[in-house]
Amino acid sequence: MARILTILPLLLAALCCRGAAADTLRLSLDDAVTMARARSVAAAAAIDELRSAYWQYRTYRADLLPEVSFNATLPSYSKRYSSYQNADGSYSFVRNDNLGLNGSISLSQRIWLTGGTVSLSTSLDFMRQLSGQIGNQFMSLPVVLTLNQPLFAANDVRWSRRIEPVRYKEARARFITETEEVAMQAIQYFFNMLIARDDLASARQNYANASKLYEVAQAKRRMGQISENDLLQIELTLINAGSSVSSGESTLKSHTFQLASFLGIDPETPIEPLDPSRLPDIYVDYDRALGYALDNNPFADNLRRRQLEADYEVAKAKGNMRQINIYAQVGYTGTDHTADGAYRNLRDNQVVQVGFSVPLIDWGKRRAAVRVAESRRELIENTLRKEALDFNSNLFVLVERFNNQREQLRLADRATEIAQRRYLTNVETFLVGRISTLDLNDSQQSKDDARKRQLQELFSYWHYYYQLRSITLYDFARGTTVEADVEAALKVK
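Description of the structure in this document. (Residues numbered from 1 in each chain as written. Predicted model: local features only at pLDDT ≥ 70, side-chain atom pairs only at ≥ 80, totals over all residues. Heavy atoms only, no water.)

1. Some remarks on the pattern of salt bridges
Turning to step 1, where the next piece is worked out: Counted by the stated rule, this structure contains 28 salt bridges.
Turning to step 2, where the next piece is worked out: Between Glu-249 and Arg-204 there is a salt bridge, with the nearest N and O atoms lying 3.3 Å from each other. One end of the pair, Glu-249, is in helix α5 (residues 228-263); the other, Arg-204, is in helix α4 (residues 156-222), with 45 residues separating them in the sequence.
Turning to step 3, where the next piece is worked out: Note on Glu-249: relative accessible area 33%, which makes it partly exposed. (Salt bridge = Lys/Arg side-chain N within 4 Å of Asp/Glu carboxyl O. Helix = DSSP H or I, 4+ residues; strand = E, 2+ residues; numbered from the N terminus. Buried < 20%, exposed > 50% of the residue type's maximum accessible area, 1.4 Å probe, protein only.)

Here's what the structure looks like:
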């Protein structure tokens, strides 16, 4: 008895846990969309793309700021023979055995206006001779100012300041668009399951009706009221109805598994999709939708970025036709046998170089490169114009389809109602022997097709609605711009 009292609570707890695990999840369309944005693999991929774009933008921003670097060699040892020219012009080999140390700190900054680089540095070199006249030598460069400025070349800093912010803005808008596309995938899986569940329910009802009709038909056949052919036709209908039930159960399980996997739900959890027949009462104006799309969609930024990149390639090709570089360095230097002495009695240290490279005969190679870049820019400009026209045209078609979809859904609802009433009427008429089995089967098929079309039209409405949201990044039901917490998404690990 004591053992039974000990085991009984454990059994009750296990049964309670099993019952809790088997609780049905009542899932609305909004719930599915919310879960998909937060938990789906597609949403995680969108976050990864956004994070990559963010760090690329951070790299660009860092390139505009001063850079401090430390360089050192600790130590450098050399023991070798090298040639040495004597005063009489002859050569001899001299043994060189030394130990060296050096270190430098530099501060460099890109010049936004010209594209050059200016740097300020300080360094100290130490060398100890280990053979011959043994001793220490120090050389200091306390302050050195260096300017490196290319002329006529494309200013990559200026072009980066024009291109990279547009690229990052495009990436942020694309992230929001991709989250809306994730919602569209969730809608597809949701309606696949909803349609499969409705098909299974219809198949089970048809099977139940076919079973009853078959029993009635058997009785009528025994009384000689119907022919053997009609009885066989009804039996075939019953068999087909049973096959439809079996197929529907398998289809529903597969679509349920797909939806659960996409939303990150335990596949063992029973899901009941709720009917999303409550529609927002909205009408979309094309001009307004186009304005929202041009303001919010990454497509406009994509066009602008590609145009800027094409212009940059032309500028680089023209800059490569002639290359002139100015290098200037001014500062102080000092040498001594001690480190302190190397910073006394400093001397000027100045270097000025002007280098240029102008091709005399290159057989038109550089000029051809300019022509190629210009031709590519013209091609890109024509492509961008075509894409802009296609974008506007596709948006117009989408707006028209969405505005018309409510009427299509109303007609589908009416057709479903009529088909259902016709089927019920034909069942009653068949029972009194006034119609054939072919007419009855035809009305049943029309009923099933009408219901399926009704769900397809409902799916099309929601698909068009979220497609409009993904293109315009505007919620027409709430009258607000579609936003996403980009900063929070970037912090997701």
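2. A look at α5
A turn of α-helix holds 3.6 residues, and therefore any two residues three or four places apart point the same way.
Turning to step 1, where the next piece is worked out: Here α5 spans 52 Å end to end across 36 residues, near enough to the 52 Å set by a 1.5 Å rise per residue.
Turning to step 2, where the next piece is worked out: Of the residues flanking the end of α5, it is Gly-264, one or two places downstream, whose phi is positive at about 75°. (Expected span 1.5 Å × (residues − 1).)

3. Observations concerning a nonpolar patch on the surface
Turning to step 1, where the next piece is worked out: Together, Val-68, Phe-70, Ile-105, Leu-107, Leu-120, Val-143, Leu-145 and Val-330 make up a nonpolar patch on the protein surface, roughly 710 Å² of accessible area in all.
Turning to step 2, where the next piece is worked out: When contributions to the nonpolar patch are tallied by element, the ones reaching two or more residues are β2 (67-85), β3 (91-110) and β5 (135-151).
Turning to step 3, where the next piece is worked out: Tracing the backbone shows Val-143 in strand β5.
Turning to step 4, where the next piece is worked out: Residue Val-143 is classed as partly exposed on the basis of its relative accessible area of 42%. (Patch = residues over 30% accessible without salt bridge, like charges linked within 9 Å, V, L, I, M, F, W, Y side chains within 5 Å. Areas by Shrake-Rupley, 256 points an atom, 1.4 Å probe, with all protein chains shown as cover.)

4. Some remarks on the nonpolar core
Turning to step 1, where the next piece is worked out: Among the nonpolar cores identified, the biggest contains 56 residues, and Phe-191, Leu-263, Leu-395 and Trp-462 are the most heavily contacted of them.
Turning to step 2, where the next piece is worked out: Those elements giving two or more residues to this core turn out to be α2 (29-39), α4, α5, α6 (286-296), α7 (298-319), α8 (365-431) and α9 (437-472).
Turning to step 3, where the next piece is worked out: Counting residues per element, this core draws most heavily on α4, at 13 residues.
Turning to step 4, where the next piece is worked out: Here Trp-462 is in contact with Leu-29, Ile-187, Phe-191, Pro-276, Arg-278, Leu-279 and Pro-280, once residues within four sequence places are set aside.
Turning to step 5, where the next piece is worked out: In this structure, Tyr-60, Val-482, Ala-489 and Leu-490 belong to the second largest nonpolar core, which totals 15 residues. (Core = buried A, V, L, I, M, F, W, Y, C linked by side-chain atoms within 4.5 Å. Contact = heavy atoms within 4.5 Å.)

Without other data, these values stay purely geometric and don't point to any function.
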